[in-house]
Amino acid sequence: MMQTQDLEFIMKSIRQYLQMRPESADTVEGIARFWIDWPGEALPVSAVLQVLENMRNASELESRNVGGRTIWRARR
């Protein structure tokens with residue numbers, strides 16, 4: 001079970017990344033690998049996906065299906 005602080009860390013990391021690079025867009029795997037500076041071992045991609053979906057539900061992010069892959073970005 002994911003800890004609330006883990007999910008908050010992921011959300012904060014995504015927000016910081018997009019603040020610096022507002023035009024960025026990537027898959028959940030790319031976001032987990034390149035957008036988040038993990039302090040130790042990376043959390044599962046499923047945790048990142050949960051945060052992305054929460055942020056989309058809050059109208060902070062949007063997702064697009066591109067070539068059979070879901071691409072995430074800041075809501076335009």
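Note that the structure is a prediction, hence the values are computed from the model and not measured.

Peer 1: For this particular structure, what's the right way to read the nonpolar core?
Peer 2: One finds Ile10, Ile14, Ile31, Trp35, Ile36, Val48 and Leu52 to be the most contacted residues of the largest nonpolar core, which totals 19 residues. For this core, the secondary structure elements donating two or more residues are helix H1 (4–20), helix H2 (28–35), helix H3 (45–57) and strand E3 (69–74). Once you skip the residues sitting within four places of it in the chain, Trp35 turns out to touch Ser13, Ile14, Tyr17, Leu18, Ser24, Ala25, Asp26, Gly30 and Trp72.

Peer 1: Which parts of the structure should I look at to understand the sheet that holds strand E1 (residues 25–26)?
Peer 2: On the basis of which strands lie adjacent, the open sheet formed by three strands has the order E1-E3-E2 and antiparallel pairing. The two strands at the open ends of the sheet, each matched to only one other strand, are E1 and strand E2 (61–66). Pairing of E2 with E3 involves six bridges; the strand directions are antiparallel. Note that in E3 the partner of Ser63 across the bridge is Trp72.

Peer 1: Looking at this model, I keep getting lost on the pairing of E3. Mind explaining?
Peer 2: Side-chain direction in a regular strand flips from residue to residue, so the side chains alternate between the two faces of the sheet. Examined bridge by bridge, E1 and E3 share two bridges and lie antiparallel to one another. Of the residues in E3, the one forming a bridge with Asp26 is Trp72. Where E2 folds back onto E3 in an antiparallel hairpin, the turn is made up of two residues, including Gly67, whose phi is positive at roughly 55°.

Peer 1: What's the story with H1 in this structure? I'm lost.
Peer 2: Residues spaced three or four apart along an α-helix face the same direction, because each turn holds 3.6 residues. Compared with the 24 Å implied by 1.5 Å per residue over 17 residues, the 25 Å span of H1 between its first and last C-alpha is a close match. Within H1, burial applies to Leu7, Ile10, Ser13, Ile14, Tyr17 and Leu18. End-on, the buried residues of H1 take up no more than an arc of 125°, which puts them together on one face. Away from its buried face by more than 90 degrees, H1 exposes Thr4, Gln5, Lys12, Gln19 and Met20.

Peer 1: Is there a simple way to think about the packing of H1 against H2 in this case?
Peer 2: Direction vectors running N to C along H1 and H2 enclose 85°, while the axes themselves pass 11 Å from each other. One element, H1, and the other, H2, form an angle in the roughly perpendicular class. For the pair H1 and H2, contact is made by Ser13, Ile14, Tyr17 and Leu18 and by Ile31, Phe34 and Trp35, respectively. For the contact of H1 with H2, the residue count by class is six nonpolar, one polar and no charged.

Calculation notes
Residues numbered from 1 in each chain as written. Predicted model: local features only at pLDDT ≥ 70, side-chain atom pairs only at ≥ 80, totals over all residues. Heavy atoms only, no water. Core = buried A, V, L, I, M, F, W, Y, C linked by side-chain atoms within 4.5 Å. Buried < 20%, exposed > 50% of the residue type's maximum accessible area, 1.4 Å probe, protein only. Helix = DSSP H or I, 4+ residues; strand = E, 2+ residues; numbered from the N terminus. Contact = heavy atoms within 4.5 Å. Pairing = 2+ DSSP bridges. Expected span 1.5 Å × (residues − 1). Arc of directions from axis to C-beta. Axes fitted to C-alpha atoms, helices over the stretch in contact; angles between N-to-C directions. Parallel < 35°, antiparallel > 145°, perpendicular 65-115°, else oblique. Nonpolar A, V, L, I, M, F, W, Y, C, P; charged D, E, K, R; others polar.

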